[in-house]
Amino acid sequence: SMYDCQVYEDGTPGPYFDTSRIDRAKARCKSQAEIDKRVYGKFVLDASRKYAQYEPTRHFIKPRPIPPTWHRYAAVDIGSGGVKGAHPPAISFVAISPDHRMGYVYKGWRGDDGRDYTSGDILDKFIDLRGDDRLVTQRFDQNAKDFGQIAMRIGEPFLPSEKHHDIGEDVVNTLFKNDMLFIFDDSVVSHSKTNDGPQLHKLGGEMLGLKRETTKAKAKDDFIDSMRYCVVGIPWDWSALRGEKTDEAKIAEKTAKQRHPTAEEITAEEIR
């Protein structure tokens, strides 16, 4: 283990693995299983939740007012059409504090399974959901070139997203692990003129159910993809990795402990 490497066999201090360096290594790990493997040198089973650091009773919270000084971002995942088994489109909106150390997924939308959506349909839905929000950036899956062209022609410029899964998954897990990102329970709030009802519980369900070993073709990760595109493009302040928490993070953590899991979360946990 890294702790074993702090000293030589004769007891003299080693040059590399001091306590602070080990703590930083723990903070970079995505899960307890990875800590057991990389820090403590144990044998572990890798087959597990892809987003193991997301805990619904901690990170799925009651909506709270977002101050006007916070910065807002959004991203769109176009999906893969309406045929059976295809991936539906999804949209995520994230607000972050001015110090870039706290963020809320405060609204979003996931399309219906089996329904075919055009790029124009998805763009209309995005504009409807955005409403009066002033966004710092809005990103999209650059593989959907027709969406980008249609958006540009009506004066809606989108930036390309970072699509590498390893990068995005590491950012998302690190944010949840350090209580820097939370998802609003929108079951009592409607943001869309079309009144689609609660949406973000779908994101929470995907976070709980997605496995590392599941292939992309079979993965239910459509909402996750749009959120991943959004958060990976945000300039987070990673000083939280040193264990420094804002007052808001402490309040959110305390509040989250008092919340009971939703029916969807209980079902996802039973399946897991």
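Look up: the structure comes first, before these words.
Residues numbered from 1 in each chain as written. Predicted model: local features only at pLDDT ≥ 70, side-chain atom pairs only at ≥ 80, totals over all residues. Heavy atoms only, no water.

Student: So what's going on with the overall build of the chain? Which residues, and what values?
Tutor: Helix and strand counts for the chain come out as ten helices and seven strands. Each of the 272 residues in the chain was classed as buried or not, and the buried ones make up 48%. For the chain, the computed accessible surface area is about 14,100 Å², with 53% contributed by carbon and sulfur atoms. (Helix = DSSP H or I, 4+ residues; strand = E, 2+ residues; numbered from the N terminus. Buried < 20%, exposed > 50% of the residue type's maximum accessible area, 1.4 Å probe, protein only. Areas by Shrake-Rupley, 256 points an atom, 1.4 Å probe, with all protein chains shown as cover.)

Student: Tell me what's going on with the pattern of salt bridges, and back it up with residues and numbers.
Tutor: Counting across every chain of the model gives eleven salt bridges. Between Asp133 and Lys107 there is a salt bridge, with the nearest N and O atoms lying 2.9 Å from each other. A residue pair is termed long-range when its members are at least 10 positions apart, and Asp133 in the loop between α4 (119–130) and β5 (135–140) and Lys107 in strand β4 (residues 103–110) qualify at 26 residues. Note on accessibility: Asp133 and Lys107 belong to one class, buried. Notably, a salt bridge pairs Asp113 with Arg110, separated by 3.0 Å at the nearest N-O pair. Each of Arg110, Asp113, Glu206 and Asp222 takes part in a single network of salt bridges with overlapping partners. (Salt bridge = Lys/Arg side-chain N within 4 Å of Asp/Glu carboxyl O.)

Student: Can you lay out helix α6 (residues 165–177) for me, pointing to particular residues and giving the numbers?
Tutor: A turn of α-helix holds 3.6 residues, and therefore any two residues three or four places apart point the same way. The first and last C-alpha atoms of α6 sit 18 Å apart over 13 residues, in line with the 18 Å expected at 1.5 Å per residue. Along α6, the residues classified as buried are Gly168, Glu169, Val171, Val172, Asn173, Thr174, Leu175 and Phe176. At its buried positions, α6 is contacted by α1 (19–28), α3 (56–59), β7 (181–184), α7 (200–209) and α8 (222–232). Just downstream of α6, Asp179 is the residue with a positive phi angle, here 55°. (Expected span 1.5 Å × (residues − 1). Contact = heavy atoms within 4.5 Å.)

Student: I'd love a proper account of the side chain of Gln138, names of residues and values included.
Tutor: Mapped onto the fold, Gln138 is located in strand β5. Of the polar contacts made by the side chain of Gln138, one reaches the backbone oxygen of Pro157; its length is 3.3 Å. In this structure Gln138 touches Ala74, Phe126, Arg130, Glu156, Pro157, Phe158 and Leu159, once residues within four positions along its chain are discounted. (Polar contact = N/O pair within 3.5 Å; in protein donor to acceptor, adjacent residues only side chain to side chain.)

Student: Just give me the short version of the nonpolar core, but keep the residues and values in it.
Tutor: Membership of the largest hydrophobic core comes to 56 residues, with the highest contact counts inside it found for Val76, Phe147, Leu181, Leu203, Met207, Met227 and Val231. Top element by residues in this core is α8. It accounts for seven residues. Leave out the neighbours within four places in its chain, and Met207 touches Arg49, Tyr51, Tyr54, Val172, Phe176, Ile224 and Met227. Membership of the second largest hydrophobic core comes to six residues, among which are Ile22, Ala25, Cys29 and Val39. (Core = buried A, V, L, I, M, F, W, Y, C linked by side-chain atoms within 4.5 Å.)

Student: Break down the packing of aromatic side chains for me, with residues and values.
Tutor: Counted by the stated rule, this structure contains twelve aromatic pairs. Following the ring pairs from residue to residue traces out a cluster consisting of Phe93, Tyr106, Phe126, Phe140, Phe147 and Phe158. The side chain of Arg72 reaches across the aromatic face of Tyr106, ending 4.9 Å from its centre. (Phe/Tyr/Trp six-rings, centres within 6.5 Å; stacked < 30°, edge-to-face > 60°. Lys NZ or Arg CZ within 6 Å of the ring centre and 35° of its normal.)

Student: Describe the sheet that holds β4, and please don't skip the residues or the numbers.
Tutor: Here we have seven strands laid out as an open sheet, ordered β1-β7-β4-β3-β2-β5-β6, and mixed in their pairing. Of all the strands in the sheet, just β1 (60–61) and β6 (159–160) have a single pairing partner and so form its edges. Here three bridges tie β4 to β7, and the two strands are oriented parallel to one another. Looking across to β7, one finds that Tyr104 is bridged to Phe182. (Pairing = 2+ DSSP bridges.)

Student: Run through the packing of α6 against α8, naming residues and quoting values.
Tutor: Interhelical geometry of α6 versus α8 gives an angle of 80° and a closest axis separation of 9 Å. Considering the angle they form, α6 stands roughly perpendicular to α8. In contact with His165, Ile167, Gly168, Glu169, Val171, Val172, Leu175 and Phe176 of α6, α8 contributes Asp225, Met227, Arg228, Val231 and Val232. Looking at the contact of α6 with α8 residue by residue, the class counts come to eight nonpolar, two polar and three charged. (Axes fitted to C-alpha atoms, helices over the stretch in contact; angles between N-to-C directions. Parallel < 35°, antiparallel > 145°, perpendicular 65-115°, else oblique. Nonpolar A, V, L, I, M, F, W, Y, C, P; charged D, E, K, R; others polar.)

Student: Tell me about unusual backbone geometry, and please be specific about residues and values.
Tutor: Of note, His100 is a non-glycine position whose phi angle comes to about 60°, a positive value. Backbone geometry at Asp179 places phi at a positive 55°, although glycine is not the residue there. Within the secondary structure layout, Asp179 lies in the loop between α6 and β7.

Student: Account for the pairing of strand β3 (residues 90–96), naming residues and giving values.
Tutor: With seven of its seven residues buried, β3 lies for the most part within the structure. Both faces of β3 are covered, namely the face carrying Ala90, Ser92, Val94 and Ile96 and the face carrying Ile91, Phe93 and Ala95. Where β3 and β4 come together, seven bridges link them in antiparallel fashion. Bridge assignment links Ala90 to a residue of β4, and that residue is Arg110.

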